[in-house]
Amino acid sequence: MEPVKVRRRHVLAATVIGAAAITAVGTPSAFGQSSPDAGFGPLRRIKAGDLEVAYAEAGPASGMPVLLLHGWPYDIHTYVDVAPRLAAAGHRVIVPYLRGYGATRFLSESTPRNGQQAALAVDAIALMDALGLERPIVAGCDWGARTACILAALWPERCRGLVSVSGYLIGSQELNRAPLPPQAELQWWYQYYFVTERGEAGYRKYTHEFARLIWQLASPRWQFSEATFRRSADALDNPDHVAIAIHNYRWRLGLAAGEARFEDLERKLASLPSIVTPTITLEGDANGAPHPDPTSYARRFTGKYQHRLVAGGIGHNLPQEAPDAFAKAVIDVGKL
């Protein structure tokens, strides 16, 4: 397929404000004109499963719902230029902070600060239930893409469509135990750093510096501003962020236990289930993060499926670097 060519930054032509963009306390959420320093308006909050989830919302309440899921070490601003484009197209857009990010908080101190893949997927299902989202399009990047893939694989009846950056990202502890060639292992250097006590202490002490380095390595041609970085880095100051990030990577290697309540889901995921939900996968032409070749996962999508290469020096954080291409994929997948 021909690559999709995009400009790195765009000026948003219209402001999207409506009844569905009002917070629980009645304050309007305004996206305003897109700029490197633009942000979401006041957040909403809702109790869902183990969490009180902080989330941004835009678009008409009656619109086709879209759930946008961010990754690590990013935050909801991955979609700051995507959300208003989708709202302008008539979608109801929900952009939550994941567990351990931003203003999202656990309801109980006793809940394990668990970062395993099934836990994040169950969080998303609980949020969909709490908000009454009927068959949303689920879309994501990085951890968010993995979660979106899990939703489409295990709960296809709950998902109208899937948009996933870097394709099929469902994994298993058993597969993750298999050694990779040295060059591939080198790309996962931080995963091995995090399994050590030194790595946990280092990430806790230098969280923002670590995030900046990952941004630079994963998107080597993205010239993000200091304001853009700091806006997202603030979300990493969540009191549970370090524990969840560390657990996520330790769990992947089988070096940290998950929760018993998720064992059945993990067994299903370990079989690498096919995805029948209509899907569009995306890849940037300058993704510096570890990512699979599109030919290696195409067979996992057994329903209507497209893959798109996004050209123009686009790295790992594709929705923020190429918002037009990502928004178009979301709009298009709803028509497949």
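Residues numbered from 1 in each chain as written. Predicted model: local features only at pLDDT ≥ 70, side-chain atom pairs only at ≥ 80, totals over all residues. Heavy atoms only, no water.

Q: Explain the overall build of the chain here, please?
A: If you tally the helices and strands in the chain, you get 14 helices and 10 strands. Every one of the 336 residues in the chain was classed for burial, and the buried ones make up 60%. Of the contacts made within the chain by residues no fewer than 6 positions apart, 77% connect residues no fewer than 24 positions apart. (Helix = DSSP H or I, 4+ residues; strand = E, 2+ residues; numbered from the N terminus. Buried < 20%, exposed > 50% of the residue type's maximum accessible area, 1.4 Å probe, protein only. Contact = heavy atoms within 4.5 Å.)

Q: Whenever I open this one, a nonpolar patch on the surface confuses me. Can you help?
A: Taken together, the side chains of Trp189, Leu213 and Leu217 define a hydrophobic patch exposed on the protein surface, amounting to about 240 Å² of accessible area. One can find Trp189 in helix 6 (residues 189-194). Trp189 gets classed as partly exposed once you look at its relative accessible area, which sits at 31%. (Patch = residues over 30% accessible without salt bridge, like charges linked within 9 Å, V, L, I, M, F, W, Y side chains within 5 Å. Areas by Shrake-Rupley, 256 points an atom, 1.4 Å probe, with all protein chains shown as cover. Salt bridge = Lys/Arg side-chain N within 4 Å of Asp/Glu carboxyl O.)

Q: Got a minute to help me understand helix 7 (residues 197-205) in this structure?
A: An α-helix turns once per 3.6 residues; consequently, residues spaced three or four apart project the same way. Regarding helix 7, the residues found buried are Gly199, Gly202 and Tyr203. Buried residues of helix 7 fall within an arc of 95° about the axis and therefore sit on the same side. The exposed residues of helix 7 that point more than 90 degrees off its buried face are Glu197 and Lys205. Residues of helix 7 that are buried sit in contact with helix 6, helix 8 (207-218) and helix 10 (241-252). (Arc of directions from axis to C-beta.)

Q: I keep staring at the packing of aromatic side chains and nothing clicks. Help me out?
A: Two numbers describe a pair of aromatic rings. These are the distance of the centres and the angle of the planes. Per the stated rule, a full pass over the model turns up 28 aromatic pairs. With a centroid separation of 5.3 Å and an interplanar angle of 40°, the aromatic rings of Trp72 and Tyr190 are classed as tilted. On the criterion of sequence distance, the pair formed by Trp72 in the loop between strand 4 (65-69) and helix 1 (83-88) and Tyr190 in helix 6 is long-range, its members being 118 residues apart. Judged on exposure class, the residue Trp72 and its partner Tyr190 are both buried. Among the aromatic residues, those joined into a ring-pair cluster are Trp72, Tyr101, Trp143, Trp188, Trp189, Tyr190, Tyr193, Phe194, Tyr203, Phe210 and Tyr249. (Phe/Tyr/Trp six-rings, centres within 6.5 Å; stacked < 30°, edge-to-face > 60°.)

Q: Hey, could you run me through the environment of Gly100 in this one?
A: In this structure, Gly100 sits in the loop between strand 5 (92-96) and strand 6 (105-106). Put simply, Gly100 and Leu51 are 49 residues apart on the chain and 10.0 Å apart in space, counted from C-alpha to C-alpha. Ignoring anything within four residues of it in the chain, the contact list for Gly100 reads Ala235, Asn238, Asp240, His241 and Ile244.

Q: Any chance you could explain the packing of helix 7 against helix 8 here in plain terms?
A: For any two helices packed against each other, the geometry comes down to the angle between their axes and how far apart the axes lie. It is at 5 Å that the axes of helix 7 and helix 8 come closest, and there the two elements cross at 95°. Taken together, the axes of helix 7 and helix 8 lie roughly perpendicular to each other. The residues of helix 8 that touch helix 7, namely those facing Tyr203, Arg204 and Lys205, are Thr207, Glu209 and Phe210. (Axes fitted to C-alpha atoms, helices over the stretch in contact; angles between N-to-C directions. Parallel < 35°, antiparallel > 145°, perpendicular 65-115°, else oblique.)

Function-wise, these values are silent; they only describe arrangement.
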